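# Summary of structural features
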Amino acid sequence: MTKYLLRRLLISIPVLIGITMATYLIMNLAPGDPVDAMLNPEAIASLGPGWVEQQREALGLNDPVPIRYLKWVQQALEGNLGFSYIDRQPVLEKVTDRLWPTLKLMLTVLIISLLIGVPVGIISAVRQYSFLDYIVTVLGMISVSIPSFFLALVLIYFFALRLDWLPATGMFTVGQERTFTDSFQHLILPATALGLAQAAPIIRYTRASLLEVINQDYTTVARAKGLSERTVIIRHALRNVLIPLVTVVALDIPRLLGGTVVIEQVFAWPGMGTLAITSVFGRDYPVLMAINLVSAIMILASNLLADVVYALVDPRVKYS
Amino acid sequence: MGTSWDLERLAQEWTARGLDRRDLFKMVATGGAGMAIATLLGSPQAGAAAARQDATGGAQVSMIWRTPNTLSPLFSTAGSEQQVERLIFGSLIKMADNLDPIPDLAESFEISEDATVYTFHLHQNATFSDGTPLTAADVVFTFERALDPRTGSYWRGRLLPIKGAEAYGEMMSGGGGATPEAEADAAATGSLVEGISTPDDYTVVLTMEQPHGAFLVNLGNFSGLGILPKHILESVAPDQMMNHPFSLAPNVSAGAYKFVTYETDQYLEVERNDTYWGTPPALDRIFMRIVQPDIAIAELENGNLDLMSISVDDLEPLSQNPNLTVVSVPSPSLDTISINQTRDYLADKRLGQAMHYAIDRQAVVDELLRGRGRVINSPIFGPDWMGIPEGLNEYPYDPDQARALLTEMGWDTNRTIEMMYVAAGDPTAEERATVVQQFLGDVGINIELLQVEVTELIRRLIQEGDYDLYIGGGGVYGADPSISATYYDSRNLAPGGGNSVRYVNPELDALYDQGIAAPTQEERKAIYTQIAQLLNEECPSVFLWSPESHFAFNNRLVGFQAPSYVDNRLWNAETWSVTG
């Protein structure tokens, strides 16, 4: 197992290098550079000639892209992710500041989607082809199909504006003391908007794999032993459902990360997604690279985690 | 024209012009989202405007804002930042709602008759929030830093008309700092810059290289240059000022409000500055909140936001809300179509004239802007003393005249040219571009629309000049007629300046020089009328219309006076208060 982990970690290194290289190149293909993004047509007249060239030189934008990439790698290996082109703040600080809000949101979404997805999936499998099953299937389809930003607006409209139960945006109330209740209230709407969409595939996978397992011989044996249906499902069937479920949840993390970008924008959530959007428009290469790096590490880690948990829940799986 | 750009007509247009599926998808996506938001958020509120409880007590106001890049007056290029900086720091002069320069930190100012010497008298009780008095030395410090090329401030360009400013810049950046002679001179005058002097602690005298009738506009636009605390920042090297923590947390300042906190991507909080020289503000604090515009409208209706600028489409729904007041005021900005003068097939004045005739501008103002705008025929249309210049061709809607001009110049009706536009941040941009495309197509100018984002626009429009046409809006043309020099004086050619149409006309340049040098408003008016007539004839751009600025604010906010320039909305925030 240890050997396997080590090997996986070693494989991650070339993968990371590949990812950073690809993102660096693609990023530089976008029209315009950070200096263009800094200018606004009204300010440019008062800058005077030479300003633009001076800025470009100062930011090192006159080097060819491969050279700039290598410089970035060299610095990154030394633990220096550089300075933001937009506000000249250290990138590491900027990204770590946003990491926690994003993780907080993602974690809550994960919990919500599991809390909804697994029980609903079980019920709809156990009562296959019942009225309830159809309702769940249809609702699941709907929640997958509705774009999360739209759902977010619907939620804001009803719960924040009409009913005035929950705050519409932000991570805490402006000008008030930070309390747990306050930050929890702010978390509910964004986490629900994303959680509902994330729950749908979990429902479907739970249902599908449970149905498969229910028809296996060992389930029939368990029933034949005279165990209650409840025990059969929870003790015998559900444990086997966990295996595909772990994969689904882990492989869904990239989608979840992507979903937070949109949701953070709508809810003015100060996380990495919001930072990513500003950085894209500002062509803030150092910040974008750091965000890419963090996202790539998160995704590689979640895949690795899936494999490890896989081995833990399924004794048949042996890595060597 | 009637309501000719309804959805059905647009749909036909799309099919007829063979837009590809990606475009259609993009439009449906944006349109769909817009419609959904409008349906959701546009309906009147069920009286949810509950009174806000302020945990810390006291009166507060919340406004919408954009994520700032910096809070240093030296480095802000966005009006949204500058207006807040003016409130925090105070500047010599500020712009009133009608863009007149009025005193701020300077209690009064005088201009010599030949418009060469500008004298500012500072408030003698102006004090920084840490108790240190603000004196002429702080003003000199701020101006010197702005002029030092190593700082990289965009204010340098605006202050260059000051005598000796160029020489100072060269001395500091090229020759390794101040020479002994300059130091000795500075000891006597108070500044290393020849044209800046301080006869006493509360007087600053700025001498121009040559007469400059519009220098106050340079100094006041868009919100004035905030005066920095010398005793805090003196030890910071010029090239380190941008990176310095003070740039994002300016905790010592002399304005009416002082910086409290900036929560990344959430809000900026400022509170009343007790050391402020003037009447203490009635508000305890102001929150500048970073919220998506669509959500912001809902928050405004809900009573969680007090003030925002709105688009023309939101005027009607918001005016239904009894808790809100909606106002529209004429703006100094101008919508234009830039015509790339470096392309030989475009650099014929008859093309620009034909385009003026081809577009029914009044109809577009009536329909698209709901009548909230004026058709404009030159880039000079304000301020009050200037007014609309006389003797301009009004270019009434006349497609036949347009076709005749095109035939005369030999325009190839099989040619298709590109027109760039930016959709983000302006809900009417897409419609505006489509409508203009339609009008121009009718007379034989085939337009392919090209939606670009701002960075790409700057690259193509300013840096590389790689475009045919660009339709866009903005600017503060109405603040002073000299502002149009930014866009048409050949010494401001892009990429070094804002003349992105790359129009070159020595006669015009000479007129701009005369306009700046003329000391009285009557003389200036005569010269700028000539300039307007010249540009109206030469048409390096199509001058379309000047849209109005729209604001919506909660009735509890007292004292807000809508400014013509949207980013000047805090111009009198010192005197605001709230009821209830």
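Residues numbered from 1 in each chain as written. Chains lettered and ligands numbered in written order. Predicted model: local features only at pLDDT ≥ 70, side-chain atom pairs only at ≥ 80, totals over all residues. Heavy atoms only, no water.

In this section: the overall build of chain B. Within chain B, the secondary structure is distributed over 19 helices and 20 strands. Pairs at least 24 residues apart make up 69% of the contacts formed inside chain B by residues separated by at least 6 positions. As displayed, chain B offers around 21600 Å² of accessible surface, 49% of which is attributable to carbon and sulfur atoms. (Helix = DSSP H or I, 4+ residues; strand = E, 2+ residues; numbered from the N terminus. Contact = heavy atoms within 4.5 Å. Areas by Shrake-Rupley, 256 points an atom, 1.4 Å probe, with all protein chains shown as cover.)

Quick look at the overall build of chain A now. When you go through chain A residue by residue, the secondary structure sums to 14 helices and zero strands. Going residue by residue from the N terminus, the α and β elements of chain A occur as α-α-α-α-α-α-α-α-α-α-α-α-α-α. For chain A, the C-alpha atoms occupy an extent of roughly 85 × 55 × 35 Å along the three principal directions. Out of the 320 residues in chain A, the part that is buried amounts to 48%. Taking the contacts inside chain A whose residues are at least 6 apart along the sequence as the reference set, 73% of them involve residues at least 24 apart. In the form shown here, chain A has an accessible surface area of approximately 16000 Å², with 69% of it arising from carbon and sulfur atoms. Side chains of chain A give 24 positive and 22 negative charges; the mean places of these two sets differ by 13 Å. (Buried < 20%, exposed > 50% of the residue type's maximum accessible area, 1.4 Å probe, protein only. Lys, Arg positive; Asp, Glu negative; His and termini not counted. Charge placed at Lys NZ, Arg CZ, Asp CG, Glu CD.)

Another point: the pairing of strand S4 (residues 106–111) of chain B. All names here are of chain B. Pairing of S4 with strand S5 (residues 117–122) involves five bridges; the strand directions are antiparallel. Bridge pairing in S5 places isoleucine 111 opposite tyrosine 118. Connecting S4 to the antiparallel partner S5 that follows it, the hairpin turn spans five residues, and alanine 115 within it adopts a positive phi of roughly 55 degrees. (Pairing = 2+ DSSP bridges.)

Every α-helical turn comprises 3.6 residues, leaving residues that sit three or four positions apart pointing alike. Residues and elements named next belong to chain B. Counting buried residues along helix H10 (residues 293–302), eight of its ten residues qualify, which places the element largely inside the surrounding structure. Residues Ile295, Ala296, Ile297, Ala298, Glu299, Leu300, Glu301 and Asn302 constitute the buried set of H10. Directly after H10, the chain includes glycine 303, whose backbone phi takes a positive value near 85 degrees.

Residue and element names in this part refer to chain B. Residue position: glutamate 269 is located in strand S9 (residues 267–272). Looking at glutamate 269, the relative accessible area reads 8%, which means it is buried. A polar contact is formed between the side chain of glutamate 269 and the side chain of arginine 285, at a distance of 2.5 Å. Discounting chain neighbours no more than four positions away, the residues touching glutamate 269 are Lys258, Phe259, Val260, Thr261, Arg285, Ile286 and Phe287. (Polar contact = N/O pair within 3.5 Å; in protein donor to acceptor, adjacent residues only side chain to side chain.)

In the structure shown here, the tally under the stated rule is 35 salt bridges over all chains. The closest approach of N and O atoms between aspartate 33 of chain A and arginine 56 of chain A, which form a salt bridge, is 2.8 Å. Of this pair, aspartate 33 of chain A sits in the loop between helix H1 (2–29) and helix H2 (34–38) while arginine 56 of chain A sits in helix H4 (residues 51–58), and the two are 23 residues apart along the sequence. With respect to class, aspartate 33 of chain A is no different from arginine 56 of chain A; both count as buried. Between arginine 403 of chain B and aspartate 400 of chain B there is a salt bridge, with its nearest N and O atoms 2.9 Å apart. (Salt bridge = Lys/Arg side-chain N within 4 Å of Asp/Glu carboxyl O.)

The next point concerns a nonpolar patch on the surface. All names here are of chain A. Taken together, the side chains of Leu10, Ile13, Ile17, Met21 and Leu25 present a nonpolar region at the surface, about 470 Å² in accessible area. Residue placement: isoleucine 17 occurs in helix H1. With a relative accessible area of 44%, isoleucine 17 lands in the partly exposed category. (Patch = residues over 30% accessible without salt bridge, like charges linked within 9 Å, V, L, I, M, F, W, Y side chains within 5 Å.)

On to the confidence of the model for chain B. Residue and element names in this part refer to chain B. For chain B, per-residue confidence averages 86 on the pLDDT scale, and residues scoring 70 or more make up 90% of the total. Here residues 1–56 is modelled with pLDDT under 50, and outside its nearest four sequence neighbours on either side it reaches 74 contacts, counting other chains as well. For this predicted complex, the interface score ipTM comes out at 0.75, while the overall pTM is 0.82. (pLDDT = per-residue confidence, 0-100.)

To continue, consider the packing of aromatic side chains. Residues and elements named next belong to chain B. Taken as a whole, this structure holds 20 aromatic pairs over all chains when the rule is applied. On the numbers, 6.2 Å between centres and 55 degrees between planes, the contact of phenylalanine 89 with phenylalanine 246 is tilted. Taken as a pair, phenylalanine 89 in helix H3 (residues 79–89) and phenylalanine 246 in the loop between helix H9 (230–233) and strand S8 (257–263) lie far apart in primary sequence, 157 residues in all. Like phenylalanine 89, the residue phenylalanine 246 is buried in the burial classification. Summarising the aromatic geometry, the rings of tyrosine 397 and phenylalanine 439 are spaced 5.7 Å apart at their centres and angled 70 degrees between planes, so their arrangement reads as edge-to-face. Of the two residues, tyrosine 397 is situated in the loop between strand S14 (373–375) and helix H14 (399–409) and phenylalanine 439 in helix H15 (residues 429–442); the sequence distance between them amounts to 42 residues. A relative accessible area of 36% means that tyrosine 397 is categorised as partly exposed. (Phe/Tyr/Trp six-rings, centres within 6.5 Å; stacked < 30°, edge-to-face > 60°.)

Residues and elements named next belong to chain B. Note the cis peptide between glycine 382 and proline 383, where omega equals 0 degrees. Positionally, proline 383 belongs in the loop between S14 and H14. The phi angle at tyrosine 395 is positive, at roughly 45 degrees, despite the residue not being glycine. Here tyrosine 395 is to be found in the loop between S14 and H14. On the basis of relative accessible area, tyrosine 395 is assigned to the buried category, the value being 2%. Of note in the backbone geometry, arginine 502 takes a positive phi value of approximately 60 degrees without being a glycine.

Our next topic: helix H6 (residues 91–126) of chain A. The end-to-end C-alpha distance of H6 of chain A is 51 Å, a good match for the 52 Å that 36 residues give at a rise of 1.5 Å each. Along H6 of chain A, the sharpest kink reaches roughly 25 degrees, centred on leucine 99 of chain A and followed within four residues by the proline proline 101 of chain A. (Expected span 1.5 Å × (residues − 1). Bend = angle between axes of the 7 residues up to and from the residue.)

We now examine the sheet that holds strand S7 (residues 203–207) of chain B. Residue and element names in this part refer to chain B. Strand order in the open sheet formed by four strands is S4-S5-S7-S6, with antiparallel pairing between adjacent strands. Looking at strand neighbours, the two that pair on one side only are S4 and strand S6 (196–197), the edges of this open sheet. Bridge analysis of S6 against S7 gives two bridges, and the strand direction is antiparallel. Residue pairing in the sheet places isoleucine 196 in a bridge with leucine 206 of S7.

It is worth spelling out the nonpolar core at this point. Core analysis: the biggest nonpolar cluster contains 111 residues, and Ile156 and Phe267 of chain A together with Tyr488, Leu508, Tyr512, Ile531 and Leu535 of chain B have the highest contact counts within it. Look past the residues within four positions of leucine 508 of chain B in its chain and what remains in contact with it is Tyr488, Tyr503, Ile531, Leu534 and Leu535 of chain B. Among the nonpolar cores identified, the runner-up in size contains 81 residues, and Ala126, Ile162, Val270 and Ala562 of chain B belong to it. (Core = buried A, V, L, I, M, F, W, Y, C linked by side-chain atoms within 4.5 Å.)

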